[in-house]
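Single-letter residue listing:
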Amino acid sequence: MRTKTITDIDVAGKKALVRVDFNVPLSSKNPNDNITVTDDTRIRAALPTLNYLLDHGAALILCSHLGRPTSAADKQYAMNPVAARLSELIGRPVQKMDEVVGDSVTAAVAAMQPGDIILLENTRFEPGETKNNPELSQKLADLADVYVEDAFGSVHRAHSSTEGAARMIRAKGGPAVAGFLMGKELDALGTAVSDPPHPYVAIMGGAKISDKIKLIENLLKVADKILIGGGMANTFLKAQGHQVGKSLVEEDAIPEAKRLLKQAANRIVLPTDVIVAPEFSADAPAELVSVWGIPQDQMALDIGQDTIERFNEELQGAQLVIWNGPMGVFEFDRFAEGTNALAKLLAALTNHGVQVVIGGGDSAAAVRKAGLADKMTHISTGGGASLELLEGKDLPGISVLDNK
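Nothing here was measured: the structure is a model prediction, and the numbers come from that model.

Novice: Tell me what's going on with the overall build of the protein, and back it up with residues and numbers.
Specialist: Along the backbone of the protein there are 14 helices and 15 strands. On C-alpha atoms alone, the protein measures out to a radius of gyration of 23 Å, which is about the 22 Å that the 2.2 N^0.38 rule sets for 404 residues. Within the protein, buried positions represent 56% of all 404 residues. A fraction of 73% describes how many contacts in the protein between residues 6 or more apart in sequence connect residues 24 or more apart. Accessible surface for the protein amounts to roughly 16,900 Å². Of this, 47% is attributable to carbon and sulfur atoms. Once the 40 positive and 51 negative side-chain charges of the protein are each reduced to a mean point, those two points are 3 Å apart.

Here's what the structure looks like:
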C-alpha cells in the first residue's frame, strides 16, 4: 500500500490535525472522581509520530474519541486525564480544549506557535462525528494545514475526524498522510493483502464464523493454509458431521462452513482434539477428548495437545503468519493453554525470521497476557480495522489519504 506518510511532506510552520487513538482505559466512570488513565499504551504508541512532527516545526491539534458517550453531558469521557498523561509523557504542555470545534478552539488555534499542542475534546461529544457531518468535518479542516491519520483502529469508520476532515483538507490543497503507527499497520497488513510471501499461513479463532466468512473467503485466495480454532471451529466440525455436545455452534452458518470446506479442499485445518467442560466457568472440570468423542453434556473450550502439534507442523516453513482470534476461552487460565502454546510457537518462528502479524482484538490481548507481545513482528492496534483490511475492503480512513 503506497500511502504517503509524514516523512513525505514538509510540516515546518504548519498546523497539523492529527487523528490519534487515545481511546484508553480510565480509572472511573464517575465524573465526580479524580479520573486517571490506567493504561497509557495507546498514548505511548502515538509519541513517535507526535515527536517527529514537533521536531520538524509543526504545531499539533490532536483529536480522538474516548469511550462511548451518548452526549457531551457524559463528562466521565472528557479528555482531561488523557491530556494530563500525554503532557507527562511528551514533556510539553498540552492545552486541553472544552470543545471539539467552536470559538474557543478557533481562537486557541489562531494563537498557536510551532511546538504547541492542543488536544480537542472527545470527538464523540459532537453528534455529527459518527455521521461524518460535512459541517463538522469542515470546521475541523479549517483548523489545520495538514491532516495526519495515526488511529488505525478507527479507519474502518467514515467519521468526521477520520474521513471527512481529511477529505476537506485535501480539497483546499493540503496533504492528508499517515503517521508512523498507521504506516506500520499498512506495511504489515498490506503485505498480507497484496503481496504475501509464501508459504503463508493464517490462523483464525474466536467465537463466531459468521463474523469471519468474508475474511476466510479472501484468505483462501492468498493463503496456503488456514488453521482454525476457538469457538468457530465447532461450527466447522459440526459441518463435517461431528457431534459437538453443548459447544457453541452457529447453526445458521453450517451451510457456509460446508461451502468453505469444499472450496478449501485440504487447506483448512481443524482441531483433532479439544478440552471440554460441562459449563462455561473458570473452575469447571476439564477433560481432553478427541473431536470424534465430545460427550453430549460437555462443551469445547480450548484446543488439545494433538491439535497444537498438528498446527505446529503446518507452521513449519512458513514465511508469513497472520493470527486473528484466540484458540479457546483464554480469559480462564484452565482454557488458555492452547492459545498460550500457539503464542509461544509464533514467538519462536519470529525469532527465526518469520513475519508474524497479530490481528488486534482478543488475539493481541492473549499475546500480551502471555507476556510475548515484544516477540511478534507486529501487533495490530485495530481489531475491526485489521479484519476488514484482510477481507480486502477499502477502508474510508485509508482511501482518503494521499498516495505516493
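Novice: Can you tell me about the nonpolar core, naming the residues and giving the values?
Specialist: Leu17, Leu120, Ile216, Ile226, Ile228, Phe236 and Ile268 are the most contacted members of the largest nonpolar core, which has 76 residues in total. The contacts of isoleucine 268, once residues within four sequence positions are left out, are Ile216, Leu220, Ile226, Ile228, Phe236, Leu260 and Leu261. If you look at the next biggest cluster of nonpolar residues, it comprises 31 residues, including Ile43, Leu53, Ala83 and Val177.

Novice: Quick rundown of the pairing of strand β14 (residues 355–358)? Include the residues and the values.
Specialist: When strand β13 (residues 320–324) meets β14, the two strands line up parallel, connected through 4 bridges. When the sheet's bridge partners are listed, isoleucine 322 is paired in β14 with valine 357. Since β13 and β14 lie parallel, the crossover through helix α11 (residues 337–351) that links them has a hand, and here it is right-handed. Relative to strand β15 (residues 378–379), β14 is paired through 2 bridges, and the arrangement is parallel. Bridge pairing links isoleucine 358 to isoleucine 379 in β15.

Novice: Give a description of the packing of helix α8 (residues 231–239) against helix α9 (residues 254–264) that names residues and reports values.
Specialist: Between α8 and α9, the least distance of the axes is 8 Å, while the angle of their chain directions is 75°. With respect to their mutual orientation, α8 and α9 come out roughly perpendicular. Residue-level contacts link Thr235, Phe236, Lys238 and Ala239 of α8 to Ile254, Ala257, Lys258, Leu260 and Leu261 of α9. Of the residues contributing to the contact of α8 with α9, the split by class is 6 nonpolar, 1 polar and 2 charged.

Novice: Help me get a handle on the environment of valine 354, residues and values and all.
Specialist: Mapped onto the elements of the fold, valine 354 is located in the loop between α11 and β14. By relative accessible area, which is 7% here, valine 354 ends up buried. Every residue in contact with valine 354, bar those within four places of it in the chain, is listed here: Ala318, Gln319, Leu320, Val321, Leu349 and Thr377.

Novice: Lay out the side chain of aspartate 150 with the relevant residues and their values.
Specialist: Tracing the backbone through its elements, the reader meets aspartate 150 in the loop between β5 (146–149) and α5 (160–171). Of the side chains with opposite charge, lysine 184 lies nearest to the buried aspartate 150, which makes no salt bridge, at 9.5 Å. In this structure the side chain of aspartate 150 is engaged in a polar contact, spanning 3.0 Å, whose partner is the backbone nitrogen of leucine 181. Of the polar contacts made by the side chain of aspartate 150, one reaches the backbone nitrogen of methionine 182; its length is 2.9 Å.

Novice: Please give an account of the pairing of strand β2 (residues 59–63) that cites residues and values.
Specialist: In terms of burial, β2 is largely enclosed, as 5 of its 5 residues are buried. Alternating residues of β2 divide into Ala59, Ile61 and Cys63 and Leu60 and Leu62, and every residue in both groups is buried. Of the strand pairs in this sheet, strand β1 (residues 15–19) and β2 are connected by 5 bridges, and their pairing is parallel. Paired with lysine 15 across the strands is alanine 59, a residue of β2.

Novice: Explain the packing of aromatic side chains residue by residue, including any values.
Specialist: Think of a pair of aromatic rings as described by two things: how far the centres are apart, and how the planes are tilted against each other in angle. A complete count under the given rule lists 2 aromatic pairs for this structure. Here tyrosine 52 and phenylalanine 180 contribute two aromatic rings whose centre-to-centre distance is 5.3 Å and whose plane-to-plane angle is 80°, an arrangement assigned as edge-to-face. On the criterion of sequence distance, the pair formed by tyrosine 52 in helix α1 (residues 41–55) and phenylalanine 180 in helix α6 (residues 180–194) is long-range, its members being 128 residues apart. Judged by relative accessible area, phenylalanine 180 falls into the partly exposed class, the value being 28%.

Novice: Describe the sheet that holds strand β10 (residues 273–277), with residues and values.
Specialist: Spatially, 3 strands are ordered β11-β10-β12 in an open sheet, and the strand pairing comes out antiparallel. Strands at the two margins of the open sheet, each flanked by one partner only, are β11 (287–290) and β12 (299–303). For this sheet the average axis-to-axis angle between neighbouring strands, irrespective of direction, equals 45°. Where β10 meets β11, 4 bridges bridge the pair, whose relative direction is antiparallel. Bridge pairing links valine 276 to glutamate 287 in β11.

Parameters and conventions
Residues numbered from 1 in each chain as written. Predicted model: local features only at pLDDT ≥ 70, side-chain atom pairs only at ≥ 80, totals over all residues. Heavy atoms only, no water. Helix = DSSP H or I, 4+ residues; strand = E, 2+ residues; numbered from the N terminus. Rg over C-alpha atoms; globule rule 2.2 N^0.38 Å. Buried < 20%, exposed > 50% of the residue type's maximum accessible area, 1.4 Å probe, protein only. Contact = heavy atoms within 4.5 Å. Areas by Shrake-Rupley, 256 points an atom, 1.4 Å probe, with all protein chains shown as cover. Lys, Arg positive; Asp, Glu negative; His and termini not counted. Charge placed at Lys NZ, Arg CZ, Asp CG, Glu CD. Core = buried A, V, L, I, M, F, W, Y, C linked by side-chain atoms within 4.5 Å. Pairing = 2+ DSSP bridges. Right-handed = clockwise from strand over helix to strand, strands pointing away. Axes fitted to C-alpha atoms, helices over the stretch in contact; angles between N-to-C directions. Parallel < 35°, antiparallel > 145°, perpendicular 65-115°, else oblique. Nonpolar A, V, L, I, M, F, W, Y, C, P; charged D, E, K, R; others polar. Salt bridge = Lys/Arg side-chain N within 4 Å of Asp/Glu carboxyl O. Polar contact = N/O pair within 3.5 Å; in protein donor to acceptor, adjacent residues only side chain to side chain. Phe/Tyr/Trp six-rings, centres within 6.5 Å; stacked < 30°, edge-to-face > 60°.

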